[in-house]
Structure formats: structure tokens, C-alpha cells
Amino acid sequence: MLSTVDVLRLIPHRYPFLLVDRVISLDLTTDPKSRAGQKIVALKNVTVNEPYFQGHFPDLPIMPGVLQIESMAQAACLAYVRPGDPEWDFFIGTVQEAKFRKPVVPGDTLTLYAEIIRDRGSMIVIKGRAEVEKHVVAEMQILAKVSPRTKRGG
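Bear in mind that the values here come from a model prediction, so they are computed numbers and not experimental data.

A. Focus on the pattern of salt bridges. In the structure shown here, the tally under the stated rule is 7 salt bridges. Here Asp89 makes a salt bridge to Arg149, at a shortest N to O gap of 3.3 Å. Separated by 60 residues along the polypeptide, Asp89 in strand E3 (residues 88-100) and Arg149 in the segment after strand E6 (135-148) bring together distant segments of the chain. Given a relative accessible area of 3%, Asp89 falls into the buried group. Of the residues examined, Arg149 reaches a relative accessible area of 23% and is grouped as partly exposed.

Here it is in C-alpha cells:
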């Protein structure tokens, strides 16, 4: 549904910190006052050439849990955006109920599921889960701050 090029247009993350490769489904709500209920399914291909595998761990490469959470959070950013929106910045405020069920290793494809479960204007609550081959490997809930993107630098 959305390619890597589309993802790059919608969120500010770039290599090596862009952790969503493609969106395969996106369900938007029609309520102009709330984005609660918006859902996404996205993919992250985990490859051995990711820079963190050099040190995490050299003899047993495992994707860090914090990057699994970041992957789900980036997918949630994409679930938030509606056609015609301004550019947004997203900031994680809290991470709750994070659970890691199974190691994620090179060669895995993370299927990322995220849903906006509460929309309080500039604050949203997101529930996320990551699966590899239909097995849950991680799940979490986050509170995030959303604000219109501001220019950086110069």
C-alpha cells in the first residue's frame, strides 16, 4: 500500500534509523476530531548488515528490544497521518507493558501492527505488536506527543 519512498515522505526518520520498509494495510477513521481506531500493518526486513548487529551481539546477532519498540512506534506514526495533513513530529512519552517474547534475528521479517487507541489532541496512546511468521515477538503500549513539524537548523 505504501512503498519505502512513500514512508520517507511521511515520517522524518532516515537510515540507519528508518525501521519501517513498507506498509501493507492502513485503516483510517472518518471522525475529524479523533484518530482513535486507525490501524496499520507494516513490514521491517531485518538484515545482517544493520549497524547494531556489529555489537548486539557479534556471535549471536539479536535485534535490540528498544529498536523493536521504535519500529512499532514508527508504524504508529504512519497510522496517524491522513491525506492532506501537514507534516508531523512524534515523540515517545512513555512505554508501557513492553514484552519481548522471542529474539528477532537477521533474516526475519517483522510484521508490525499498531492501533491508535486514544486520541487526546496532541497526545495519543498506541498499542503495538510485532510478529515473525505469525508468532508474537514483541508488544507494547506507548503514549506519544504529536505536533506539527518545525524547521530544523539554519
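B. Molecular detail of the environment of Gln38. Tracing the chain through its elements places Gln38 in the loop between strand E1 (22-27) and strand E2 (39-45). Owing to a relative accessible area of 0%, Gln38 belongs among the buried residues under this scheme. With 80 residues separating them in the primary sequence, Gln38 and Arg118 have C-alpha atoms 9.8 Å apart. At 2.7 Å, the side chain of Gln38 forms a polar contact with the side chain of Arg82.

The rules behind the values
- Residues numbered from 1 in each chain as written.
- Predicted model: local features only at pLDDT ≥ 70, side-chain atom pairs only at ≥ 80, totals over all residues.
- Heavy atoms only, no water.
- Salt bridge = Lys/Arg side-chain N within 4 Å of Asp/Glu carboxyl O.
- Helix = DSSP H or I, 4+ residues; strand = E, 2+ residues; numbered from the N terminus.
- Buried < 20%, exposed > 50% of the residue type's maximum accessible area, 1.4 Å probe, protein only.
- Polar contact = N/O pair within 3.5 Å; in protein donor to acceptor, adjacent residues only side chain to side chain.

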